[in-house]
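Survey of secondary and tertiary structure
Residue-level listing of the chains:
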Amino acid sequence: MIVNDIPYVAELLRKGELVGIPTETVYGLAANALDDKAVVRIFEAKNRPFFDPLIVHIASVNQLDTYALDIPDKAWKLAHAYWPGPLTLVLQRQAVIPDLVTSGLDTVGLRVPNHPATLDLLSRLDFPLAAPSANPFGYISPTTAQHVADQLEQKIAAVLDGGPCTVGVESTIVHCAYDGTVTILRQGGLALEAIQDCVGEVNVRVHSESNPSAPGMLASHYAPRTPLVIGNIEQVLRENNTLKMGYISLQTMYSEFPGMQLSTHGDLAEAARHLFATMRTMDAEGYDCIVTELMPNQGIGRAINDRLNRAAAAPIL
Ligand code: TXA
Ligand code: MG
């Protein structure tokens with residue numbers, strides 16, 4: 001059920017229920033992060049493996065040291081600069097965070113989401129919210145309340161409607177080590193350049209299928225059911241004229257073929273905002289294959305390319 005009533009949603013969460021919540025990045029599937037029983041239900045509803053830890057959403061930077069320990073200076077700097085916003089910081093956890101949330105790691109991912117309804121909700125609660133993206137594990141993340149309802153309605157108490165997400169790709173996940181090293185674990189809504197501006201040199205970790213200590217970084221992820229191919233769109237369309245194919249381009253229109261553009265002006269922020277909804281729409285069309293192209297590798301274009309590469313790595317069914 002899609003609702004607008006924030007006090008009602010707060011009450012559901014106090015009772016240990018699961019609720020879909022809006023954030024600026026994607027919708028989350030939220031539960032009381034300090035309640036094991038509620039958190040277990042997140043994994044069940046998503047069909048998510050227990051080795052993949054959850055992000056904990058807090059109301060403000062003032063709560064950071066309630067849930068994290070020994071916070072490095074650069075992490076404070078990033079939190080002050082970019083919260084509320086699409087940035088998750090991986091930090092040593094306080095004991096109050098259950099093992100289940102962190103998959104047994106001694107670190108926790110924390111963020112203050114930049115959405116007025118969810119900030120209002122968090123301010124009414126005396127616990128933080130564990131919330132992965134509100135999609136079945138491995139599928140495309142939701143960017144509207146309806147996307148959440150379409151896939152998880154039977155399994156959750158409500159979805160709080162906050163309109164379409166304004167960023168459209170998940171948060172950037174950053175680890176700050178005690179030696180001052182800053183590493184991006186997942187590209188996302190906060191650009192690499194913005195992080196460099198704040199803390200200087202930044203490393204980027206490459207995800208790998210064989211490294212479960214980089215959880216949630218599996219190559220195949222964010223995937224539509226229809227096989228997705230990355231390449232020169234026009235060439236792939238012309239060379240495969242026996243297949244029923246559609247395309248997703250940044251801005252070019254190929255009028256002989258069915259497809260969608262992410263941004264008619266080639267604006268990468270707009271492309272990010274439209275990415276997941278476009279993938280869902282195209283996935284529902286019943287094509288044999290969807291062909292797409294990589295974006296310029298700058299700013300939020302890096303996060304779009306990361307999601308496209310992982311969607312394309314999905315096994316062909
Ligand atoms: O924008 C977002 O981050 C959205 C919204 C709802 O906040 N959430 C999100 O959650 O994308 P999810 O579960 O789809 O991705 C969470 C990822 C995990 O897969 C894992 O890679 C990383 O966050 N993560 C969480 N805790 C971590 C930890 N302690 N160490 C390393 N990575 C962690
Ligand atoms: Mg996710």
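Residues numbered from 1 in each chain as written. Chains lettered and ligands numbered in written order. Predicted model: local features only at pLDDT ≥ 70, side-chain atom pairs only at ≥ 80, totals over all residues. Heavy atoms only, no water.

Some words on the environment of Y247
On the secondary structure map, Y247 appears in strand β14 (residues 245–249). Looking at Y247, the relative accessible area reads 2%, which means it is buried. It is 5.7 Å that separates the C-alpha atoms of Y247 and T292, two residues lying 45 residues apart in sequence. Those residues in contact with Y247 that sit more than four places away from it in its chain are I233, L237, T252, M253, Y254, F257, P258, G259, M260, M282 and V291. A polar side-chain atom of Y247 sits 3.0 Å from the main-chain amide nitrogen of Y254. (Helix = DSSP H or I, 4+ residues; strand = E, 2+ residues; numbered from the N terminus. Buried < 20%, exposed > 50% of the residue type's maximum accessible area, 1.4 Å probe, protein only. Contact = heavy atoms within 4.5 Å. Polar contact = N/O pair within 3.5 Å; in protein donor to acceptor, adjacent residues only side chain to side chain.)

Description of the packing of aromatic side chains
The final tally for this structure, using the stated rule, is two aromatic pairs. Centroid distance Y247 to Y254: 5.1 Å. Interplanar angle 90°. Geometry classified as edge-to-face. (Phe/Tyr/Trp six-rings, centres within 6.5 Å; stacked < 30°, edge-to-face > 60°.)

Quick notes on the sheet that holds β14
Taken in spatial order, the four strands make up an open sheet running β13-β16-β14-β15, and their pairing is parallel. The open sheet has two free edges, formed respectively by β13 (228–230) and β15 (259–261), since each of these has just one partner strand. Each adjacent strand pair in this sheet contributes to an overall mean axis angle of 20°, direction not counted. In terms of strand pairing, β13 meets strand β16 (residues 289–292) through three bridges, oriented parallel. Residue pairing for β16: L228 is matched across the bridge by I290. (Pairing = 2+ DSSP bridges. Axes fitted to C-alpha atoms, helices over the stretch in contact; angles between N-to-C directions.)

What about the environment of V19?
Locating V19 in the fold gives a position in strand β2 (residues 19–21). Separated by 13 residues in the primary sequence, V19 and N32 place their C-alpha atoms 9.9 Å from one another. Aside from chain neighbours lying at most four places away, what touches V19 is V9, L12, L13, G28, L29, A30, A158 and L160.

Thoughts on the pairing of strand β3 (residues 28–32)
The buried fraction of β3 is high, at five of five residues. What sits between the antiparallel neighbours β2 and β3 is a turn of six residues. Bridge analysis of β3 against strand β8 (residues 129–130) gives two bridges, and the strand direction is antiparallel. Residue pairing across strands places N32 opposite L129, the latter belonging to β8.

Observations concerning the pattern of salt bridges
Scanning the model with the defined rule gives 12 salt bridges in all. Across the salt bridge formed by E11 and R14, the nearest N and O atoms sit 2.7 Å from each other. One end of the pair is E11 and the other is R14, both in helix α1 (residues 6–14) and three residues apart, which spans about a single turn. What makes E11 partly exposed here is its relative accessible area of 35%. Note on R14: relative accessible area 41%, which makes it partly exposed. The residue R307 makes a salt bridge to E170 at a minimum N-O spacing of 2.9 Å. Placement of R307 in helix α11 (residues 301–312) and of E170 in the loop between β9 (158–160) and β10 (172–176) is noted, with a sequence separation of 137 residues between them. For R307, a relative accessible area of 0% corresponds to the buried category. Residue classification places E170 among the buried residues on the basis of a relative accessible area of 3%. Residues participating in the shared-partner salt-bridge network are E170, D306, R307 and R310. (Salt bridge = Lys/Arg side-chain N within 4 Å of Asp/Glu carboxyl O.)

Quick word on the nonpolar core
Core analysis: the largest hydrophobic core is formed by 49 residues, its most contacted members being L78, W83, L89, L110, V174 and I195. Apart from the residues within four sequence positions on either side, V174 is in contact with L78, L87, T88, L89, V90, V182, T183, I184 and I195. Among the nonpolar cores identified, the runner-up in size contains 25 residues, and L275, F276, M279 and I290 belong to it. (Core = buried A, V, L, I, M, F, W, Y, C linked by side-chain atoms within 4.5 Å.)

A short note on the domain arrangement of the chain
According to the domain assignment, the chain consists of domain 1 (2–204) and domain 2 (228–311). In this structure, domain 1 and domain 2 have C-alpha centres spaced 28 Å apart. Counting residues at the interface gives 22 residues for domain 1 and 16 residues for domain 2. At the boundary of domain 1 with domain 2, total buried surface from both sides reaches about 1500 Å², with 56% on carbon and sulfur atoms. The interface formed by domain 1 and domain 2 includes two salt bridges. Our enumeration of links across domain 1 and domain 2 arrives at eight residue pairs in polar contact (both at pLDDT 80 or more). Secondary-structure elements contributing two or more residues to the side of domain 1 that touches domain 2 are α7 (145–152) and α8 (192–199). Residues of the side of domain 1 that touches domain 2, tallied by class, amount to nine nonpolar, 10 polar and three charged. (Domains from an automatic or database assignment. Buried area = accessible area lost by both parts, 1.4 Å probe. Nonpolar A, V, L, I, M, F, W, Y, C, P; charged D, E, K, R; others polar.)

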